[in-house]
Amino acid sequence: MRVLSGIKPTGNLHLGNYLGAVKQWVAMQEDIQSSGGETLYFIADLHAPTEWIAPADLRAQTIGITATLVAAGIDPDRSILFNQTRVPAHSELSWLLNTVARVGWLNRMTQFKDKAGKNREGASVGLYDYPVLMAADVLLYNSTHVPVGEDQKQHLELARDIATKFNGDYETDLFTLPEPLVSKAAPRIMSLRDASTKMSKSNPSEASVVKLIDSDDMIAEKFRKAKSDADLLPATIEELAGRPEAQNLITIFSALDDRSAQSVLDDYAGKGFGALKPALADLAVAKLAPIRDEMVRLLDDRAAIDAILNKGAAKARDLAAPTLRAAQEAMGLLV
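Here the structure is a predicted model, which is why all the values come from computation and not from measurement. One numbering rule holds for all chains: residues counted from 1, following each sequence as written. Restriction of local features to residues with pLDDT of at least 70 applies here, the model being predicted, together with a cutoff of 80 or more for giving and counting side-chain atom pairs; totals for whole chains, interfaces and linings are based on all residues. In computing side-chain values, all of the structure's heavy atoms are included and hydrogens and water are not.

### A closer look at the pattern of salt bridges
Pairing between side chains becomes possible if they bear opposite charge and their charged atoms approach one another.
Then step 1. Just to be clear on terms, a salt bridge is a Lys or Arg side-chain nitrogen sitting within 4 Å of an Asp or Glu carboxyl oxygen. In this structure the tally under the stated criterion is 19 salt bridges.
Then step 2. Note that Glu51 is salt-bridged to Lys8, the shortest N-O span being 3.9 Å. Here the residue Glu51 occupies a position in the loop between strand S2 (38-43) and helix H2 (55-72), and Lys8 occupies one in the loop between strand S1 (2-7) and helix H1 (15-34), the gap between them amounting to 43 residues.
Then step 3. On the basis of relative accessible area, Lys8 is assigned to the partly exposed category, the value being 26%.
Then step 4. Lys311 is the partner of Asp77 in a salt bridge, and the nearest nitrogen-oxygen pair spans 2.2 Å. Here Lys311 lies in helix H12 (residues 302-330) and Asp77 lies in the loop between H2 and strand S3 (80-83), a separation of 234 residues in the sequence. Numbering goes from the N terminus for both helices and strands, where a helix is a DSSP run of H or I of at least four residues and a strand is a run of E of at least two. With a 1.4 Å probe rolled over the protein chains alone, any residue whose accessible area is under 20% of its type maximum counts as buried; one over 50% counts as exposed, and the rest are partly exposed.

Written out as structure tokens, the structure reads:
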């Protein structure tokens, strides 16, 4: 079992990224490796320029996300941690797969429509084509499983379609068809100011998002001022229906404290948010402060970050090289 996942370096990671993805990666690192499997995690820096990003920001965010992943528990000695650019085979295989992928397949990708909006003619070719690069990311390592959210399932299906067509066209069994790995424990974390939208680093309201780089005081203040409602907390999960802000805060409490949402309600049923929010603020500070402190320490040691990425990239290149060569050979490119 070989699990691969990537994260795009566009801004500071926040609580939603941590609880919805990074914490799950750390758990997979333990579970997959205990059963003899491998875990590969990468910073998807080649995906970042599909929409404009200043070069200095891209460099800084690649470094920052590397530090965050390590601080959160990704062990570079146990998992392969790298950024795409240091493994040129990602770009090379992506071009080969572009000759197999079909325009009709890409036209059905809903994320391009969402991101491009009404300005499709003005969008970059990279934004349109990045699902093929995502397929290359996955197929390059013959990954057996890829952690995906609902919004990424379509891209994994595309990777499977490309792999199937390549294998059929060139009469090979080179590419493994990856399976989605959906963690039932991964919560969907919503904005602290509007629980109808996901917590997002692009939200203009700083109060809506808890960043992993935030100070203790900032974390506590954001939770104490989080939007709630006037009713008392109920005794059961079912009674939270129609109360998105309450449900979001209970979900965050549950995920941070590694216990069920019902267990949290058992403690706070019949109480108001004046009791819940201060306790949640204290819990969030206790869980996130060590990650932030280690992240800050790593950010002060650029040489350590470079060493981590170089080490991971060397391992990734060794894994990628046979697959790329086999693809080139199958297509008649090696003479």
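### Overview of the packing of helix H9 (residues 244-257) against helix H11 (residues 273-299)
Then step 1. Packing of H9 against H11 brings their axes to within 10 Å, and their N-to-C directions diverge by 35 degrees. Both H9 and H11 take part in a crossing whose hand is left-handed. Each of Ala246, Leu249, Ile250, Ile252, Phe253, Leu256 and Asp257 in H9 lies in contact with H11, whose residues at this interface are Phe273, Leu276, Lys277, Ala279, Leu280, Leu283, Ala284 and Lys287.
Then step 2. Considered class by class, the residues forming the contact of H9 with H11 number 12 nonpolar, no polar and 3 charged. In this description, a line fitted to the C-alpha atoms serves as the axis of each element, helices being fitted only across the stretch in contact, and the angle between N-to-C directions of two axes falls anywhere from 0 to 180 degrees. The sense of a crossing depends on the near helix, which, turned anticlockwise from the far helix by less than a right angle, makes the crossing left-handed and, turned clockwise, makes it right-handed. Here, two residues are considered to be in contact whenever any of their heavy atoms come within 4.5 Å of each other. We call Asp, Glu, Lys and Arg charged. Ala, Val, Leu, Ile, Met, Phe, Trp, Tyr, Cys and Pro are nonpolar, and the rest, Gly among them, are polar.

### Quick notes on the side chain of Asp137
Then step 1. With respect to the element layout, Asp137 can be found in helix H6 (residues 125-139).
Then step 2. By the counting scheme adopted, Arg and Lys are positive, Glu and Asp are negative, and His together with the chain ends is not counted. One buried charged residue, Asp137, remains without a salt bridge, the closest side chain of opposite sign being Lys8 at 11 Å.
Then step 3. Whenever two N or O atoms come within 3.5 Å, that pair is a polar contact, provided that in protein one can donate a hydrogen and the other can accept it, and provided that, for residues adjacent in sequence, both atoms are side-chain atoms. A polar contact is formed between the side chain of Asp137 and the side chain of His90, at a distance of 2.7 Å.
Then step 4. Leave out the neighbours within four places in its chain, and Asp137 touches Leu4, Phe42, His47, Gln84 and His90.

### A closer look at a nonpolar patch on the surface
Then step 1. Each patch is built from residues that are more than 30% exposed by relative accessible area and take part in no salt bridge. Like charges join if they lie within 9 Å; nonpolar side chains (Val, Leu, Ile, Met, Phe, Trp, Tyr) join within 5 Å. Residue-level accessible areas treat just the shown protein chains as cover; the underlying method is Shrake-Rupley with a 1.4 Å probe. A contiguous nonpolar patch, built from Ile213, Val296 and Leu299 and spanning about 200 Å² of accessible area, is present on the exposed surface.
Then step 2. Turning to its location among the elements, Leu299 is positioned in helix H11.
Then step 3. Residue classification places Leu299 among the partly exposed residues on the basis of a relative accessible area of 37%.

### What to know about H2
Then step 1. Its 18 residues place the ends of H2 26 Å apart at the C-alpha level, agreeing with the 26 Å of an ideal helix rising 1.5 Å per residue.
Then step 2. Of all the positions in H2, only Leu58, Thr62, Ile63, Gly64, Ile65, Thr66, Ala67, Thr68, Leu69, Val70, Ala71 and Ala72 are classed as buried.
Then step 3. Looking at the buried residues of H2, the elements they touch are S1, H1, S2, S3, H11 and H12.
Then step 4. Once H2 ends, the next one or two residues include Gly73, with phi positive near 125 degrees. Multiplying 1.5 Å by the residue count of a helix minus one yields the expected span of that helix.

### A closer look at the packing of helix H3 (residues 89-98) against H6
Then step 1. Put simply, H3 and H6 touch, their axes get as near as 8 Å, and they point 120 degrees apart. Comparing their axes, H6 and H3 come out oblique. Our pair here, H3 against H6, has a crossing hand that is right-handed. Counting all contacts with H3, which are made through His90, Leu93, Ser94, Leu97 and Asn98, the residues of H6 involved are Asp129, Val132, Leu133, Ala135, Ala136, Asp137 and Leu139.
Then step 2. Looking at the contact of H3 with H6, its residues break down into 7 nonpolar, 3 polar and 2 charged. The scheme is simple: roughly parallel for angles under 35 degrees, roughly antiparallel for over 145, roughly perpendicular for 65 to 115, oblique for anything else.

### A word on the packing of aromatic side chains
Then step 1. Side-chain rings of Phe, Tyr and Trp (the six-membered ring for Trp) are treated as a pair once their centres are within 6.5 Å; stacked means planes under 30 degrees apart, edge-to-face means over 60, and tilted covers the remaining angles. In the structure shown here, the tally under the stated rule is 7 aromatic pairs.
Then step 2. Judged by centre distance (4.9 Å) and plane angle (45 degrees), the ring pair of Phe166 and Tyr170 falls under tilted.
Then step 3. With a relative accessible area of 29%, Tyr170 lands in the partly exposed category.
Then step 4. Members of the aromatic cluster, joined through ring pairs, are Phe42, Phe82 and Tyr141.
Then step 5. A cation sits over an aromatic face here: Lys271 above Tyr268, 5.5 Å from the ring centre. By definition here, charges over rings are those cases where NZ of Lys or CZ of Arg is within 6 Å of the ring centre and within 35 degrees of the ring normal.

### Looking at the pairing of S2
Then step 1. Of all 6 residues in S2, 5 are buried, a share of seventy percent or more.
Then step 2. Across 6 bridges, the pairing between S1 and S2 is parallel. Paired with Ile7 across the bridge in S2 is Ile43.
Then step 3. Crossover handedness for the path S1 to H1 to S2: right-handed.
Then step 4. The criterion for strand pairing is that DSSP finds at least two bridges linking the strands in question. Inspection of the sheet shows S2 paired to S3 by 4 bridges, in the parallel sense. Note on S3: the bridge partner recorded for Leu40 is Ile80.
Then step 5. At this point the chain moves from S2, through H2, to the parallel S3, and the crossover so formed is right-handed. Whether a crossover is right-handed depends on one test, that the path from the first strand over the helix to the second runs clockwise when the strands point away from the viewer.

### Section: the nonpolar core
Then step 1. In terms of nonpolar packing, the biggest core is built from 59 residues, with Leu15, Leu69, Phe223, Ile252 and Leu276 touching the most fellow members.
Then step 2. Here this core takes 12 residues from H11, the largest share from any one element.
Then step 3. Beyond its immediate chain neighbours, meaning those up to four positions away, Leu69 contacts Ile7, Val22, Trp25, Ile43, Ile74 and Leu81.
Then step 4. Judged by nonpolar contacts, the second largest core, of 39 residues, contains Ile80, Met109, Leu158 and Ala327. Definition used in this section: a nonpolar core is a set of buried Ala, Val, Leu, Ile, Met, Phe, Trp, Tyr and Cys residues joined via side-chain atoms within 4.5 Å.

Function cannot be inferred from these measures alone, as they are strictly geometric.
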